[in-house]
Amino acid sequence: MKKLIFINNNMQIGGVQKSLVNLLWELSPRYEMTLFLFDPEGPLMAEVPPGVRVAGAGPLLRALGMSHAQARGKGLLPLLWRGFLVVLTRLFTIRFVFPLLSRRERIDGEYDAAISYLHNGALRCFYGGCAEAALNSVRAPKKVCFVHCDFERYEGNNAYNAMTLSRFDRVAAVSRSVGEGLLRAVPGLEGKVFPVHNCYHARRIADLARAYEAPHTPGVLNLFTAARLSREKGVLRMIPILGRIRDMGIGFFWRIAGNGPDREAVQGLIRAQGLEGQIALLGELDNPYPYFTGADILLVPSYVEAAPMVFGEARLLGVPVFTTDTSSARELIGESNTGRVLPNEDGALLKELARLLRDFDQLRFDLAPPDDRLAAAEFDRLLEG
């Protein structure tokens, strides 16, 4: 049985962490696996398969797995250390900080493959470091890095991160489209990039969807979005668009799960548009899945996305996806007819969304669930290639 080590920052709630947990469940009968976390904390720790060994980083790397607030909650020394590393990163960039930290960490054991499950951020952003840990801290003949972003449009698209990816034997892209964009941005990776789609652990999601009954507003279309409230997710852009759609006489109720830096701006714009009775902010939900099943449409209005977990989660729960045209939207939604791909320009988005909402009862979708066995087979090919 092959021995694998997966490296990630933490197990807080996020798309990367959920995808990782689901992949571990799918692979756990066939590989001996270790999950190495910079900071071994977060709500998703409870969902790691029991057969997976969990290890945590030493104090030098642990700061890379914490937010500022989490470090502050651990005491003065972790907060000061993290703050020092953030300043160092802003002054000298990750090109200096991440290799330095990773070379000071030695992960026990020998493995058949070391897998970084998280890519780096921008040069002066204290985010990432898993790639350097996989390359410098682990004894393994094969090194693999996952890319979960639209690298062409990503703030981390720079020469250092491209060079780091080139040091890996294989790079796993979470969709065909993500892989194609990565190769356009870093053509030197030709022959190394393989698609490994997200896993979903369907039985668990189905059980969570039955945990409670989410509200459903009768007589109108119920929209649901699960997203961080930040600019790139497009929540702010949708509020005036939905204000115009309301003025056209089209009924809807939009529920949004998530928090983020734009929350106050979102609340203010909802008030300015007079949409308090038609848009509800739910905050961050540990279990959003009942809201999927209570919705008629999952709405993804992002400016930029790679292959978001919600695409497959909606398919599993029988909810069509209306998404703006981002990196994998046509591949994962348009080609499978599991929803509709909308223009990513506000004027055209308004026109097309209004048409689709008005004609929603006449639309037909193919909501066959994704098959985790296919993603596991892609992972096997990745290691064998």
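Since we're looking at a predicted model, the values are computed, not measured.

Quick notes on the rules
- Residues numbered from 1 in each chain as written.
- Predicted model: local features only at pLDDT ≥ 70, side-chain atom pairs only at ≥ 80, totals over all residues.
- Heavy atoms only, no water.
- Pairing = 2+ DSSP bridges.
- Helix = DSSP H or I, 4+ residues; strand = E, 2+ residues; numbered from the N terminus.
- Axes fitted to C-alpha atoms, helices over the stretch in contact; angles between N-to-C directions.
- 1 Å grid on protein atoms, 1.4 Å probe; cavity = no way out; pocket = protein on both sides within 12 Å on 5 of 7 lines; lining within 4 Å.
- Points joined across faces, edges and corners; volume = space filled by probe spheres on them.
- Core = buried A, V, L, I, M, F, W, Y, C linked by side-chain atoms within 4.5 Å.
- Buried < 20%, exposed > 50% of the residue type's maximum accessible area, 1.4 Å probe, protein only.
- Contact = heavy atoms within 4.5 Å.
- Right-handed = clockwise from strand over helix to strand, strands pointing away.
- Parallel < 35°, antiparallel > 145°, perpendicular 65-115°, else oblique.
- Nonpolar A, V, L, I, M, F, W, Y, C, P; charged D, E, K, R; others polar.
- Patch = residues over 30% accessible without salt bridge, like charges linked within 9 Å, V, L, I, M, F, W, Y side chains within 5 Å.
- Areas by Shrake-Rupley, 256 points an atom, 1.4 Å probe, with all protein chains shown as cover.
- Salt bridge = Lys/Arg side-chain N within 4 Å of Asp/Glu carboxyl O.

Let's hear about the sheet that holds strand E7 (residues 193–195): which residues, and what values?
Adjacent strands of a sheet form backbone hydrogen bonds with each other and so pair up, either parallel or antiparallel. Judged by pairing direction, the sheet is parallel, and its 7 strands sit side by side in the order E3-E2-E1-E4-E5-E6-E7 without closing on themselves. Of all the strands in the sheet, just strand E3 (53–56) and E7 have a single pairing partner and so form its edges. Taking the axes of each pair of neighbouring strands and ignoring which way they run, one obtains an average angle of 25° across the sheet. Inspection of the sheet shows strand E2 (residues 32–37) paired to E3 by 4 bridges, in the parallel sense. Along E3, the bridge assignment pairs Leu 35 with Val 54.

So what's going on with the environment of Lys 18? Which residues, and what values?
Its place among the elements puts Lys 18 in helix H1 (residues 15–27). The spatial distance from the C-alpha of Lys 18 to the C-alpha of Pro 50 is 16 Å, given a sequence separation of 32 residues.

Go over the layout of surface pockets with me, naming the residues and quoting the values.
As a volume, the second largest pocket reaches approximately 340 Å³. Taken together, 16 residues make up the lining of the second largest pocket; nearest its centre are His 197, Asn 198, Arg 315, Pro 370 and Asp 371. Mapped onto the lining of the second largest pocket, the elements with two or more residues apiece are helix H13 (309–316) and helix H16 (372–384). Per element, the largest residue contribution to the lining of the second largest pocket is 4 residues, and it comes from H16.

Can you tell me about the nonpolar core, naming the residues and giving the values?
Counting 97 residues, the largest nonpolar core has Phe 6, Ile 7 and Phe 379 as its most contacted members. When residues in this core are grouped by element, the largest group, 6 residues, is from H1. With residues up to four places along the chain from it excluded, the contact list for Phe 6 reads Leu 20, Leu 23, Leu 24, Leu 27, Met 33, Thr 34, Leu 35, Phe 36, Ile 115, Tyr 117 and Phe 379. By size, the runner-up hydrophobic cluster in this structure holds 30 residues, among which are Val 235, Trp 254, Ile 270 and Ala 354.

I'd like a rundown of the pairing of strand E12 (residues 321–324), residues and numbers included.
Both faces of E12 are covered, namely the face carrying Val 321 and Thr 323 and the face carrying Phe 322 and Thr 324. With 3 bridges joining them, strand E11 (residues 297–300) and E12 adopt parallel strand pairing. Residue pairing for E12: Val 300 is matched across the bridge by Thr 323. The handedness of the E11 to E12 crossover, carried by H13, is right-handed. Where E12 meets strand E13 (residues 339–342), 4 bridges bridge the pair, whose relative direction is parallel. Paired with Thr 324 across the two strands is Leu 342, which belongs to E13.

Can you explain the packing of helix H4 (residues 76–92) against helix H5 (residues 94–103)? Please cite residues and give values.
Where H4 contacts H5, the two axes come as close as 7 Å, and the packing angle between them is 135°. The angle between the axes of H4 and H5 places the two elements in the oblique class. On H5, the residues that touch Trp 81, Leu 85, Leu 88, Thr 89 and Phe 92 of H4 are Ile 94, Phe 96, Val 97 and Leu 101. A class-by-class count of the residues in the contact of H4 with H5 yields 8 nonpolar, 1 polar and no charged.

Can you lay out empty space enclosed by the protein for me, pointing to particular residues and giving the numbers?
Any empty space left between atoms is shown by rolling a water-sized probe over those atoms. Taken as a whole and judged by the stated rule, the model has 3 cavities of 30 Å³ or more. A per-element tally of the lining of the largest cavity places helix H7 (residues 159–166) first, with 3 residues. For the lining of the largest cavity, the class distribution of residues is 5 nonpolar, 5 polar and no charged.

Go over the sheet that holds E11, please, and point to the residues and values.
Taken in spatial order, the 6 strands line up as E10-E9-E8-E11-E12-E13 in an open sheet, and their pairing is parallel. The outermost strands of the open sheet, each flanked by one partner alone, are strand E10 (279–283) and E13. Across the sheet, the axes of successive neighbouring strands diverge by a mean angle of 20°, strand direction being ignored. Summarising the sheet, strand E8 (residues 221–226) and E11 pair through 2 bridges and their orientation is parallel. Among the inter-strand pairings, Phe 224 is bridged to a residue of E11, identified as Leu 298. Here helix H15 (residues 346–358) sits on the sheet and contacts E8, E11, E12 and E13; the angle it forms with E13, its principal contact strand, is near 160°.

I'd like a rundown of a nonpolar patch on the surface, residues and numbers included.
A cluster of nonpolar residues, Val 87, Leu 91, Phe 92, Phe 96 and Leu 100, forms a patch on the protein surface that exposes about 490 Å² of accessible area. When residues of the nonpolar patch are traced back to their parent elements, those giving at least two are H4 and H5. Here the nonpolar patch takes 3 residues from H4, the largest share from any one element.

Got a sec to walk through unusual backbone geometry? Specific residues and values, please.
Both trends apply: most residues other than glycine have a negative phi, and most peptide bonds are in trans. Phi is positive for Thr 93, close to 70°, though the residue is something other than glycine. Relative to the elements of secondary structure, Thr 93 occurs in the loop between H4 and H5. Residue classification places Thr 93 among the buried positions, given a relative accessible area of 2%. A positive phi is found at His 201, a non-glycine position, where the angle reads about 50°.

An account of the environment of Arg 104 is requested, with residue identities and associated values reported.
Secondary-structure assignment places Arg 104 in the loop between H5 and strand E4 (113–116). Here Arg 104 falls in the exposed class, since its relative accessible area comes to 64%. For the pair Arg 104 and Gln 273, spaced 169 residues apart in the sequence, the C-alpha separation amounts to 53 Å.

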